[in-house]
Amino acid sequence: MPQVLFENVKLNNTISLNNRILMAPLTRCMADDDLVPTDDMVKYYAKRAKAGLIISEATIIRPDGQGYPNTPGLFTQAQITGWKKVTDAVHAEGGKMFAQLWHVGRVAHPYFFDGEVLAPSAIGIEGSIPRMRDLTYQTPKAATKEDITKLIADYAQAAANAIEAGFDGVEIHGANGYLIDQFLHHAANQRTDEYGQTPENMSRFALQVTDAVADRIGADRVGLRVSPGAYFNMDGDQRDRAVFDFLISALNSRNLAYLHVGIFDDAMEFEYLGGSASAYLRSIYKGTLVGVGSYTAASGAEAIQNQQFDLLAIGRPFIANPDYVEKVKAGQAVKEYDESMLATLD
Ligand code: FNR
Ligand code: 8K6
């Protein structure tokens, strides 16, 4: 049994975790048609409450943040009430839960809402929505300054809504090629104003969102997920390195609950980062770092012992094993994940 995983950890004066295993955010597309969490979602999360911290599936902050069917929201009273049932059930089992706040930017599709697709620049992505292949992605509208100001305010409001819904905090989804990440990579950000061109400018939106959310609910309750290595909905550019150097250094003074790597396989190396995304973040970030990406409990514990990161997030194995933490603790084998498991919410 990898003992280090089962230590209590104090993230700060507000949040302590029962162990170092986090449930990674996992989009399941199972909210109802008003994007309200269902009773099946209440059961699904409650079964996984032995995680030190559950991070919810990505949850949209407002209608134009949606790019996949039936992803939950945090912008109506019904959604807040639905999430309250989830967080009450998780708390009743002794667990803790953060909401992952999401806006997909140019990965949005007007099929899901009335209005325009917003992104830093009018640069679209190729392809179409998974499982809805006839919906091809559109060229987005470059957000105006007014659009940006409103987006920042809407992230802060969604964070306040998350607290009202009983979440212990929020994780800002700044990873995986979605809106915040689009500002951080040259392939998606070609702005010429104070949000583009230089590392400081390209980091501005991520930092303004982070600061607005922290001002609203307290930095102790805020995590941030980033993908310095472009690998999903995004092309890499070696100039991105300087952007992340600036951003991650600036985060050191923010005293967030944690920083979380956005990656599917942490063995992936990025030339412009000089190695893996987690090693790169560790080399700059001084606070609590959450590693993730194709780890087992054993390999994750080893990485923690080697100080590669401090907490381990587990994604797919948590879909396959609601009792992942109990199994690992008891030294039992875990069931292998299979993509067919996405069809049902067990
Ligand atoms: C994901 N991942 C993901 N990441 C995120 O930040 N928000 C999300 O909503 C989702 N949704 C999602 C759905 C599904 C079906 C998968 C498989 C993955 C990425 C996830 O959090 C994690 O980084 C990866 O799954 C890698 O960890 P594992 O699965 O190897 O432990
Ligand atoms: C984050 C929201 C995604 C919604 C659908 C999730 C389905 C994920 C299925 C796995 C996709 C893997 C893509 C990983 C890219 C790796 C590149 C080397």
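- Under an unreviewed UniProt entry, the protein chain has the name Alkene reductase and belongs to Pseudoalteromonas maricaloris.
- For the record of the protein chain, the UniProt heading Cofactor (unreviewed entry) holds the text "FMN".
- Per UniProt, the protein chain carries the Sequence similarities (unreviewed entry) text "Belongs to the NADH:flavin oxidoreductase/NADH oxidase family."

1. A short note on the layout of surface pockets
Thinking step 1. The calculated volume of the largest pocket comes to roughly 1200 Å³.
Thinking step 2. Lining the largest pocket we find 48 residues, and of these Leu 26, Phe 264, Arg 316, Ile 319 and Tyr 337 sit closest to its centre.
Thinking step 3. Contributing elements (two or more residues each) for the lining of the largest pocket: β5 (97-102), α8 (297-305), β16 (311-314), α9 (316-320) and α10 (324-329).
Thinking step 4. A per-class count over the lining of the largest pocket returns 29 nonpolar, 11 polar and 8 charged.

2. Concerning the UniProt feature "domain: NADH:flavin oxidoreductase/NADH oxidase N-terminal" (unreviewed entry) in the protein chain
Thinking step 1. If you check UniProt for "domain: NADH:flavin oxidoreductase/NADH oxidase N-terminal" (unreviewed entry), the listed places come out as residues 5-332 in our numbering.
Thinking step 2. Each end of residues 5-332 is marked by a C-alpha atom, and these two atoms are 15 Å apart; helix forms 33% of the span and strand 18%.

3. A short note on the pattern of salt bridges
Thinking step 1. Scanning all chains against the criterion turns up 15 salt bridges.
Thinking step 2. A salt bridge links Asp 64 to Arg 62; the nearest nitrogen and oxygen atoms lie 2.7 Å apart.
Thinking step 3. Classification of Asp 64 as buried rests on a relative accessible area of 12%.
Thinking step 4. Taken together, the salt bridges that share partners define one network made up of Arg 62, Asp 64, Lys 150 and Asp 154.

4. Observations regarding the site of ligand 1
Thinking step 1. The immediate surroundings of ligand 1 are formed by 19 residues, with Pro 25, Thr 27, Arg 225, Ser 294 and Arg 316 found nearest.
Thinking step 2. Thr 27 is positioned with one of its side-chain polar atoms (N or O) 2.5 Å from an oxygen atom of ligand 1.
Thinking step 3. Considering ligand 1 on its own, with 610 Å² of exposed area, one finds that the protein chains cover 92% of that surface.
Thinking step 4. Mapping ligand 1 onto the cavity grids shows that it belongs to the largest pocket.
Thinking step 5. Of the residues in the shell around ligand 1, the class split is 10 nonpolar, 7 polar and 2 charged.

5. Some words on the site of ligand 2
Thinking step 1. Around ligand 2, a shell composed of Thr 27, Tyr 68, Trp 102, Tyr 178, Tyr 231, Phe 232 and Phe 264 is seen.
Thinking step 2. Summarising the interface, the protein chains cover 64% of the accessible area of ligand 2, which totals 550 Å² for the free molecule.
Thinking step 3. The cavity that encloses ligand 2 is the largest pocket.

6. Some points on the environment of Ser 121
Thinking step 1. Positionally, Ser 121 belongs in the loop between β6 (118-119) and β7 (128-129).
Thinking step 2. The class for Ser 121 is buried, based on a relative accessible area of 7%.
Thinking step 3. Each C-alpha atom, one on Ser 121 and one on Thr 59, is 23 Å from the other, the two residues being 62 residues apart in sequence.

7. Observations regarding the sheet that holds strand β15 (residues 289-291)
Thinking step 1. Read around the closed barrel, 8 strands run β3-β4-β5-β10-β11-β12-β15-β16, paired in parallel fashion. Strand-to-strand twist across the sheet, computed as the mean angle between neighbouring axes with direction ignored, equals 30°.
Thinking step 2. In terms of strand pairing, strand β3 (residues 21-23) meets strand β4 (residues 53-60) through 2 bridges, oriented parallel. Along β4, the bridge assignment pairs Met 23 with Ile 54.
Thinking step 3. This element, helix α7 (residues 277-284), spans β11 (222-226), β12 (258-261) and β15 of the sheet and lies at about 155° to β12.

8. Describing the side chain of His 173
Thinking step 1. Counting through the fold element by element, His 173 comes out in strand β10 (residues 169-174).
Thinking step 2. Of note is the side chain of His 173, whose polar atom sits 3.3 Å from the backbone nitrogen of Ala 175.
Thinking step 3. When near neighbours in sequence (up to four residues on either side) are disregarded, His 173 contacts Ala 58, Gln 100, Leu 101, Trp 102, Tyr 178, Ile 180 and Arg 225.

Cut-off values and rules
Residues numbered from 1 in each chain as written. Chains lettered and ligands numbered in written order. Predicted model: local features only at pLDDT ≥ 70, side-chain atom pairs only at ≥ 80, totals over all residues. Heavy atoms only, no water. UniProt positions renumbered as here; feature names shortened; annotations may be inferred. 1 Å grid on protein atoms, 1.4 Å probe; cavity = no way out; pocket = protein on both sides within 12 Å on 5 of 7 lines; lining within 4 Å. Points joined across faces, edges and corners; volume = space filled by probe spheres on them. Helix = DSSP H or I, 4+ residues; strand = E, 2+ residues; numbered from the N terminus. Nonpolar A, V, L, I, M, F, W, Y, C, P; charged D, E, K, R; others polar. Salt bridge = Lys/Arg side-chain N within 4 Å of Asp/Glu carboxyl O. Buried < 20%, exposed > 50% of the residue type's maximum accessible area, 1.4 Å probe, protein only. Near = heavy atom within 4 Å. Polar contact = N/O pair within 3.5 Å; in protein donor to acceptor, adjacent residues only side chain to side chain. Areas by Shrake-Rupley, 256 points an atom, 1.4 Å probe, with all protein chains shown as cover. Sits in = over half its atoms within 2 Å of the grid points. Pairing = 2+ DSSP bridges. Axes fitted to C-alpha atoms, helices over the stretch in contact; angles between N-to-C directions. Contact = heavy atoms within 4.5 Å.

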